[in-house]
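A closer look at the structure
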Amino acid sequence: DGEQLPLNTTLSSGALGCLSPQPPAHLPFSLRQQWYTAVMLALTTTCLFADQNLMAPNLTAIAESLGMSQEERDQKLGGELALGFFLVGAPVALLVGYLTDTMERRLLFLLVVLFGEVPCLLTYWVEEYWQLFVLRMLTGISIGGALPLIFSVLGDLFPASHRSEVSCIPGVAMGLGQLLGQSLAGFLGPTHGWRLPFVLVACPTMAISILFFCTTREPPRGISEAGLAQAFEKKQDFTYRDSLNWGKFRAMWLIPTNQLVFAQAFPGCVPWGVMLTYFNDYLAQEKGMGVVMATNGVMTFGLGSALGTVAGGIVGQRFYNLPFNNGKARFACFIAVCTFAGILPVVVIINMPSFSEKQLPMVYMLLAIGGALASVSGSNVRAVLLNVNAPETRGTVFAFYNLMDDLGKGLGPGFVALLITFYGRLVAFNIAMWAWALCALFQALLSLTLHKDEQALQKRLANIVNIDSTENM
């Protein structure tokens, strides 16, 4: 592949591990400010994603309060609402992705969060299904628009040699938020009603987003790229000015690694649609665990997911940083194997009969293992997108990735709801979980493309700097 660019030139070779990576020497703020920005993004993300699963523990209670049958519960609350929630977020994500590459990202992040969380707050006063449907659609705006912004900022805060590790931060924050929101709704719902958790999530989310805007700084675009490192170091006033245009937008779709990451997104989200939308209620009703014990089970899955995200990011980064293509190939195979293995524990639980008290420790253990394995790929796949796309296209790339993600999360529960109509929950959930096998196949194919695409990006960035320097002589 020709000359190899030093992809970790902005960090010392001994800095591997996510505990204390040093910022590039030319980064215009301190290590403390760098990590403060990342932590504030994580806190906002946690609160934001707590919104996503607030309905899951109380689907039956919501259905009863709105006068729905059990069949309508699955079709409308499980299928239609999930479809509306994510499909409104999808077009917003595309718009936000474009704006992410053209305007100040901190201000845009604040506006996206506030515009989406007000409907979450208003859910407390819902009396009819159409009101709930409209407000949940609007709440999807925050989820759909936030991710392109979050990863665009992180891509400029940290270089490629740490992005799998750093991508754990929003990954854990998303999982923790979903866990906290679902737990809050599960514990408060039976005693205080299903409406109160929406207020308790919306208010702190808006407050923290305002604090983030007031106390952080915008990182310069491209400052953590190896191909631009010399330009930033030699010229204090250097600014990376390349912008998104039609040619770059079209070229984005021709990058083989992007194609594979987009392809794995949709089937990968179908099983998550089951876990996030139906599984709590399934354990409570069909398996006879009750709402509180079922919520504990989903919490266990969530804790395993958080552990898998962190451990997967650290181990994946160490594979990724191995010399030349060997590390990239092993990295791809690692996340593919973990994704496939995550199917098995969940399928075992789905097909078990009602649980006795003696079986609960084994059920919780299987849920923790399944959550850990299934979550390994999350932060690693997003780091891949950061590493093969230029700074001026990352917002757009993540917007389309989020679109694929939302289509999976929105259409997935709707597809499962259709399967439930014909075959019942048991068969439908079994079919849905095996979609992770197709996801794992696309992830394994990254071993053939990742190294070449990353090297091509850094060479192009270096060539841009050389051309600019020649023109200014």
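Note that the coordinates shown come from a computational prediction; the quantities given were computed from them, not determined experimentally.

All right, on to the overall build of the protein chain then. Of regular secondary structure, the protein chain possesses 20 helices and zero strands. Here the contacts in the protein chain between residues at least 6 apart in sequence split such that 84% fall between residues at least 24 apart. Only carbon and sulfur atoms are counted for the fraction: they give 67% of the accessible area of the protein chain, which is about 18,300 Å².

Take the packing of helix H11 (residues 256–285) against helix H19 (residues 435–445) next. The interhelical angle for the contact between H11 and H19, taken along N-to-C directions, is 155 degrees, at an axis separation of 8 Å. When the axes of H11 and H19 are compared, the pair comes out roughly antiparallel. Considering how the two elements wind past one another, H11 and H19 form a crossing that is left-handed. Taking contact as the criterion, the partners of Leu 260, Ala 263, Gln 264, Pro 267, Gly 268, Val 270, Pro 271 and Trp 272 in H11 are, on H19, Ala 435, Trp 436, Leu 438, Cys 439, Phe 442, Gln 443 and Leu 445. A per-class count over the contact of H11 with H19 returns twelve nonpolar, three polar and no charged.

This paragraph deals with the packing of H11 against helix H16 (residues 376–388). Two quantities define a packed helix pair, namely the angle between the helix axes and the distance between the axes. One way to put it is that H11 packs onto H16 with a least axis distance of 10 Å and a crossing angle of 155 degrees. Looking at the two axes, H11 sits roughly antiparallel to H16. Where H11 crosses over H16, the two elements pack in a sense that is left-handed. Contacts from Thr 257, Asn 258, Val 261 and Gln 264 of H11 reach H16 at Val 381, Val 384, Leu 385 and Val 388. When grouped by side-chain class, the residues that make up the contact of H11 with H16 number five nonpolar, three polar and no charged.

Okay, the pattern of salt bridges next. Here the structure, examined in full by the defined rule, presents eleven salt bridges. Put simply, Lys 248 and Glu 392 hold a salt bridge, and the shortest N to O gap is 2.8 Å. Of this pair, Lys 248 sits in helix H10 (residues 246–252) while Glu 392 sits in the loop between H16 and helix H17 (394–423), placing them 144 residues apart in sequence. A single burial state applies to Lys 248 and to Glu 392, both of which are buried. Across the pair Glu 392 and Arg 460 runs a salt bridge whose closest N-O atoms are separated by 3.7 Å. With Glu 392 in the loop between H16 and H17 and Arg 460 in helix H20 (residues 450–471), the pair connects residues that are 68 residues apart, well separated along the chain. Judged by its relative accessible area of 1%, Glu 392 falls in the buried class. Here the salt bridges share partners, and the residues they tie into one network are Arg 105, Asp 156, Arg 163, Glu 218, Glu 225 and Arg 394.

Under the definition given, this model contains 20 aromatic pairs. On the basis of an interplanar angle of 65 degrees and a centroid distance of 6.1 Å, the ring pair of Phe 340 and Trp 434 is categorised as edge-to-face. Taken together, the residues span a long stretch of sequence, with Phe 340 in helix H13 (residues 324–341) and Trp 434 in the loop between helix H18 (425–433) and H19 at a distance of 94 residues. The partly exposed category is assigned to Trp 434, whose relative accessible area is 39%. Members of the aromatic cluster, each reached through a chain of ring pairs, are Trp 246, Phe 249, Trp 253, Phe 262 and Phe 400. Seen from the ring of Tyr 320, Lys 328 lies directly overhead, with NZ or CZ sitting 4.6 Å from the centre.

The next thing to look at is the nonpolar core. Counting residues in hydrophobic clusters, the biggest one holds 50 residues, and the most contacted among them are Phe 109, Ile 150 and Leu 154. A per-element tally of this core places helix H5 (residues 129–157) first, with nine residues. Setting aside residues up to four positions removed in sequence, Ile 150 forms contacts with Leu 41, Thr 45, Phe 109 and Pro 170. Counting residues in hydrophobic clusters, the runner-up holds 36 residues, among them Tyr 278, Phe 279, Phe 301 and Ala 374.

Topologically, Gln 443 is positioned in helix H19. Its relative accessible area of 0% is what places Gln 443 among the buried residues. Residues contacting Gln 443, with those up to four places away along its chain left out, are Gln 264, Ala 332, Ile 335, Ala 336, Thr 339, Ser 377 and Val 381.

Our next topic: the environment of Glu 127. Tracing the chain through its elements places Glu 127 in the loop between helix H4 (105–122) and H5. Distance from Glu 127 to Ser 65, taken between C-alpha atoms, is 8.4 Å for residues 62 residues apart in sequence. Apart from the residues lying within four places of it in its own chain, the contact partners of Glu 127 are Leu 66 and Arg 195.

Take H16 next. Counting buried residues along H16, twelve of its 13 residues qualify, which places the element largely inside the surrounding structure. All of the buried residues in H16 are Val 376, Ser 377, Ser 379, Asn 380, Val 381, Arg 382, Ala 383, Val 384, Leu 385, Leu 386, Asn 387 and Val 388.

What counts, and where the lines are drawn
- Residue numbers here run from 1 along each chain, matching the order of that chain's written sequence.
- Per-residue local features are limited, in this predicted model, to residues with pLDDT of at least 70; the limit for side-chain atom pairs, both in listing and counting, is 80 or more; totals at the level of whole chains, interfaces and linings are taken over all residues.
- Side-chain numbers here rest on the full set of heavy atoms in the structure, without hydrogens or water.
- Helix numbers and strand numbers start at the N terminus; a helix is a DSSP run of H or I with at least 4 residues, a strand a run of E with at least 2.
- Pairs of residues are marked as contacts when any of their non-hydrogen atoms sit within 4.5 Å.
- Shrake-Rupley sampling with a 1.4 Å probe provides the accessible areas, and residues are treated as covered by the protein chains on show and by no other component.
- In this analysis an axis means a line fitted to C-alpha atoms, helices contributing only their contacting stretch, and an angle means the value between N-to-C directions, from 0 to 180 degrees.
- When describing relative orientation, an angle under 35 degrees is termed roughly parallel and one over 145 degrees roughly antiparallel, while 65 to 115 degrees is termed roughly perpendicular and anything else oblique.
- Crossing handedness: left-handed means the near helix sits turned counterclockwise from the far one by under a right angle, and right-handed means the same turn made clockwise.
- Only Asp, Glu, Lys and Arg are considered charged in this grouping, and only Ala, Val, Leu, Ile, Met, Phe, Trp, Tyr, Cys and Pro are considered nonpolar; every other residue, Gly among them, is considered polar.
- One side-chain nitrogen of Lys or Arg within 4 Å of one carboxyl oxygen of Asp or Glu is enough to make a salt bridge.
- Burial classification: accessible surface area is computed with a 1.4 Å probe over protein chains only, and a residue below 20% of its type maximum counts as buried, one above 50% as exposed, and the rest as partly exposed.
- We call Phe, Tyr and Trp rings a pair once their centres come within 6.5 Å, taking the six-membered ring for Trp, and we label the pair stacked below 30 degrees between planes, edge-to-face above 60, and tilted otherwise.
- Two limits define a charge over a ring: the Lys NZ or Arg CZ must be within 6 Å of the ring centre, and within 35 degrees of the ring normal.
- Put simply, a nonpolar core is a bunch of buried Ala, Val, Leu, Ile, Met, Phe, Trp, Tyr and Cys residues held in one set by side-chain atoms that sit within 4.5 Å of each other.

Read these as geometric descriptors, not functional statements.
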